[in-house]
Amino acid sequence: MTAASSAPVLEVSGLTRAFGGLVAVNAVDLAVQPGQIVGLLGPNGSGKTTALNLISGVLRPDSGSVRFAGQAIAGMPAHRIARLGLARTFQLVRVLNGMSCAENVKAGLAFHSPPLSRGEVDDSVDRLLRRVGLADRAGVPASGLTYIDCKRLELARALALKPRLLLLDEWLAGLNPSELLIGIELIRSLKDEGLSILLVEHVMDAIRSLCDRCVVMNSGRRIAEGRPDEVLADPAVIEAYLGVSTDA
Amino acid sequence: MSPTQIAALAAGGAGLVVLALLPFYADAYYLSLAISLLQFTVLATAWGLFSGPTRYVSLATTAFFGVGAYTVAVLGEVLAWPLVLLIATAIGALMAMIVGISTLRLSGLHFVIFTFGLAELVRQLVIWYEVNKTRVLGRYVFVDITQNDIYWQLLALAVAVFAIGWLIARSRLGFALRIIGEDETVAKHCGINVTLAKVTLFAISAVFITLVGAIMAPRWTYIEPSIAFNPTISFQVVIMALLGGAHRLWGPAVGAIPLTLLFEFLSARFPSTSTLIIGIVFLLIVYALPQGVTGLWERVSRRKSEPPVAPQVQT
């Protein structure tokens, strides 16, 4: 590894965003090292998705800095952040229903700068659909896919950006146990290819088996950071998820 | 090229020759009708270029149309005709960019109301200028342009709008707009500069509409703001495009031709109630054919090609 690539892929510090009086994300710090999977955990409403939206450019932070591959990206429009190689999926899966699976993947390939040649695009569409297990679905309209296949397609579209960092917002949610194993394997194989991943997740099995580090948020603040087994045993984290025991 | 493509191209070329020669065999009434048909075909197709993929309903048609007409009224006698058209193009594009950059972040409904207000704003500005600066409300358009010239120019413009539309649909811009129409958030995260794409297309569409206004201006000989900025045109164009189906390049034209004939008939036969009837036609189209004729045709042909209909997932 070169010196440049050992710096964090993503470095967030003091990230803050308020909606009216509610501070949804409050002075959050986090970092993703190259090739790492970092989990972003926390109870519902703790600000995880808002944090992803701030990083990916859907929302502008009120304050704080976001550095992606050494470049300050806080407040940059989403399309420029995407072109720098930061891809994401959405909590409520978003596929382009009026298009075929191949076109959905092409959507992620067509706007690279510099643009890819037509041949490169076609090859990449095939490769990416195969990568997520949808090789035989290229011509099928996305509206006809099952839930897990929609998730796969969304992942293929995100991978089409040739990302250096992938943000997965509850990508494993709603999968049945056998699909979950397939999903976990798929994410692990992305890591093995050297991709850095920041994932928001509630599925504890996935967090334990995938994440190198975890950041836990509650009410907009970071309350814990460390290895998965450490943070999941942290009393503050347990309290955030389960509440304070009153009969002590 | 496949034989069918060559045949289609030959048929299109032959049709174009027949249309181009129309002034030599049609009388004045049919020439005038043909001009109306071409005018609304170009307007509705240009409207659909932008509103079809983005699903923004623009009521600014008359604003651009009127600006084109006024460009001719002001400059027509001073400058050479191609130069007048070039200036109209530039003004239309500039206005569309300013309007686009300031409004295309608005959601659908706000955009509709803004564009409707824009037409009125431009009209009031022109009235204010004419009353306070030039001290005339109407202008005479004395340019050396015959009805035949108007017809040929509109025909050329119609060819251009279809050619540009066809090229856009095959370009990265066209693909970007389809994605934006499906899901704007996804489009942004695919690296698409959504604002740039929408403003570019809005400007292309507006240039065609402005040029129609400029080309049509000599037909009137006398114009004033209420003629050039007639809001009925905006609504008629929307109805036509919706009847045909704005999601296809040739959809708006399918709606423009029968409705131009219908409006022509209504305004001749029922001059005082034609607006009311147009309103009722509008309602009927929106309720009965939400996807337009092309949408209906696609549904029917899809049903024929795949007999066992799978349950459609409605989104």
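Criteria and cut-off values
- Residues numbered from 1 in each chain as written.
- Chains lettered and ligands numbered in written order.
- Predicted model: local features only at pLDDT ≥ 70, side-chain atom pairs only at ≥ 80, totals over all residues.
- Helix = DSSP H or I, 4+ residues; strand = E, 2+ residues; numbered from the N terminus.
- Rg over C-alpha atoms; globule rule 2.2 N^0.38 Å.
- Buried ≥ 20, exposed ≤ 12 C-beta atoms within 10 Å, placed from the backbone.
- Contact = placed C-beta atoms within 7 Å.
- Pairing = 2+ DSSP bridges.
- Axes fitted to C-alpha atoms, helices over the stretch in contact; angles between N-to-C directions.
- Domains from an automatic or database assignment.
- Nonpolar A, V, L, I, M, F, W, Y, C, P; charged D, E, K, R; others polar.
- Parallel < 35°, antiparallel > 145°, perpendicular 65-115°, else oblique.
- Expected span 1.5 Å × (residues − 1).
- Core = buried A, V, L, I, M, F, W, Y, C linked by C-beta atoms within 7 Å.

(A) Representation of the overall build of chain B in the model. Check the secondary structure of chain B and you find 15 helices and 2 strands. For 315 residues, the compact-globule estimate of 2.2 N^0.38 gives 20 Å, and the C-alpha radius of gyration of chain B, at 20 Å, lies within 12% of that figure. Relative to its 315 residues, chain B shows a buried fraction of 41%. Partitioning the intrachain contacts of chain B with sequence separation of at least 6 by distance along the chain shows that 79% fall at a separation of at least 24.

(B) Structural context of the overall build of chain A. Helix and strand counts for chain A stand at 9 helices and 10 strands. Principal axes of the C-alpha set define a box for chain A whose edges measure 65 × 40 × 40 Å. Counting every position in chain A, which comprises 248 residues, the buried fraction comes to 43%. The contacts in chain A between residues at least 6 apart in sequence include a share of 65% that link residues at least 24 apart.

(C) Representation of the sheet that holds strand E6 (residues 86–88) of chain A. Residue and element names in this part refer to chain A. Read from one edge to the other, the open sheet built from 6 strands follows the order E6-E7-E8-E3-E9-E10, with strand pairing classed as mixed. Edge positions in the sheet fall to E6 and strand E10 (221–226), since each of these pairs with one other strand and no more. This sheet shows a mean twist of 20° between the axes of neighbouring strands, independent of strand direction. Bridge count between E6 and strand E7 (residues 165–169): 3 bridges; the pairing is parallel. What sits directly across from Leu86, in E7, is Leu165. Against the sheet, helix H9 (residues 235–242) engages strand E9 (213–218) and E10, with an angle of about 130° to E10.

(D) A look at the domain arrangement of chain A. Residue and element names in this part refer to chain A. Each assigned domain of chain A is listed with its residue range as follows: domain 1 (1–85 + 163–248) and domain 2 (93–162). Taken over C-alpha atoms, the centre of domain 1 sits 24 Å from the centre of domain 2. Between domain 1 and domain 2, the contact holds 10 residues from the first and 10 residues from the second. When contributions to the side of domain 1 that touches domain 2 are tallied by element, the ones reaching two or more residues are helix H2 (78–83) and helix H6 (177–192). Split into classes, the residues belonging to the side of domain 1 that touches domain 2 amount to 6 nonpolar, 2 polar and 2 charged.

(E) Structural context of the packing of helix H4 (residues 61–75) of chain B against helix H6 (residues 108–134) of chain B. All names here are of chain B. It is at 8 Å that the axes of H4 and H6 come closest, and there the two elements cross at 25°. Overall, the two elements H4 and H6 adopt an arrangement that is roughly parallel. On the side of H4, the interface is formed by Thr62, Ala63, Gly66, Val67 and Tyr70, while H6 contributes Leu118, Ala119, Val122, Arg123 and Val126.

(F) Molecular detail of the interface of chain B and chain A. The interface of chain B with chain A comprises 17 residues on the first partner and 20 residues on the second. Among the elements of the structure, helix H8 (172–182) and helix H9 (184–189) of chain B are those that each provide at least two residues to the side of chain B that touches chain A. Top contributing element to the side of chain B that touches chain A by residue count: H8(B), with 5 residues. Looking at side-chain class alone, the side of chain B that touches chain A contains 8 nonpolar, 5 polar and 4 charged residues.

(G) Here's a closer look at the pairing of strand E1 (residues 10–19) of chain A. All names here are of chain A. In this structure, E1 lies alongside strand E2 (residues 22–32), joined through 7 bridges in antiparallel fashion. Following the sheet pairing, Leu10 is matched in E2 by Val32. Counting the residues in the hairpin turn of E1 and E2 gives 2 residues, including Gly20, whose phi is positive at 60°. Note that E1 and strand E4 (residues 63–68) share 5 bridges and pair antiparallel. Within E4, the residue paired with Leu10 across the bridge is Phe68.

(H) Main features of the sheet that holds E1(A). Ordered in space as E2-E1-E4-E5 (chain A), the 4 strands form an open sheet in which the pairing is antiparallel. Two strands lie at the open edges of the sheet, namely E2 and strand E5 (71–72) of chain A, each paired on one side alone.

(I) Up close: helix H12 (residues 231–244) of chain B. Residue and element names in this part refer to chain B. Its 14 residues place the ends of H12 21 Å apart at the C-alpha level, agreeing with the 20 Å of an ideal helix rising 1.5 Å per residue. Along H12, 11 of the 14 residues are buried, which leaves the element largely enclosed by surrounding structure. Within H12, the full set of buried residues consists of Ile233, Ser234, Gln236, Val237, Val238, Ile239, Met240, Ala241, Leu242, Leu243 and Gly244.

(J) Fine view of the environment of Phe65(B). Relative to the elements of secondary structure, Phe65(B) occurs in helix H4. Apart from the residues within four sequence positions on either side, Phe65(B) is in contact with Ile209(B), Val212(B), Gly213(B) and Ile233(B).

(K) Quick look at the packing of helix H3 (residues 28–54) of chain B against H12(B). All names here are of chain B. Interhelical geometry of H3 versus H12 gives an angle of 75° and a closest axis separation of 9 Å. Considering the angle they form, H3 stands roughly perpendicular to H12. Along its contact with H3, which presents Phe40, Leu43, Ala44, Trp47, Gly48 and Ser51, the element H12 presents Gln236, Val237, Met240 and Ala241.

(L) Here's a closer look at the nonpolar core. Residues Val105(A), Ala156(A), Val42(B), Ala69(B), Leu154(B), Ile179(B) and Val212(B) are the most contacted members of the largest nonpolar core, which totals 156 residues. For this core, the element with the highest residue contribution is helix H10 (residues 194–216) of chain B, accounting for 15 residues. Each of domain 1 (1–85 + 163–248) and domain 2 (93–162) of chain A contributes no fewer than three residues to this core. Those residues in contact with Ile179(B) that sit more than four places away from it in its chain are Leu96(A), Ala107(A), Val186(B), Ala187(B), Cys190(B) and Ile192(B).

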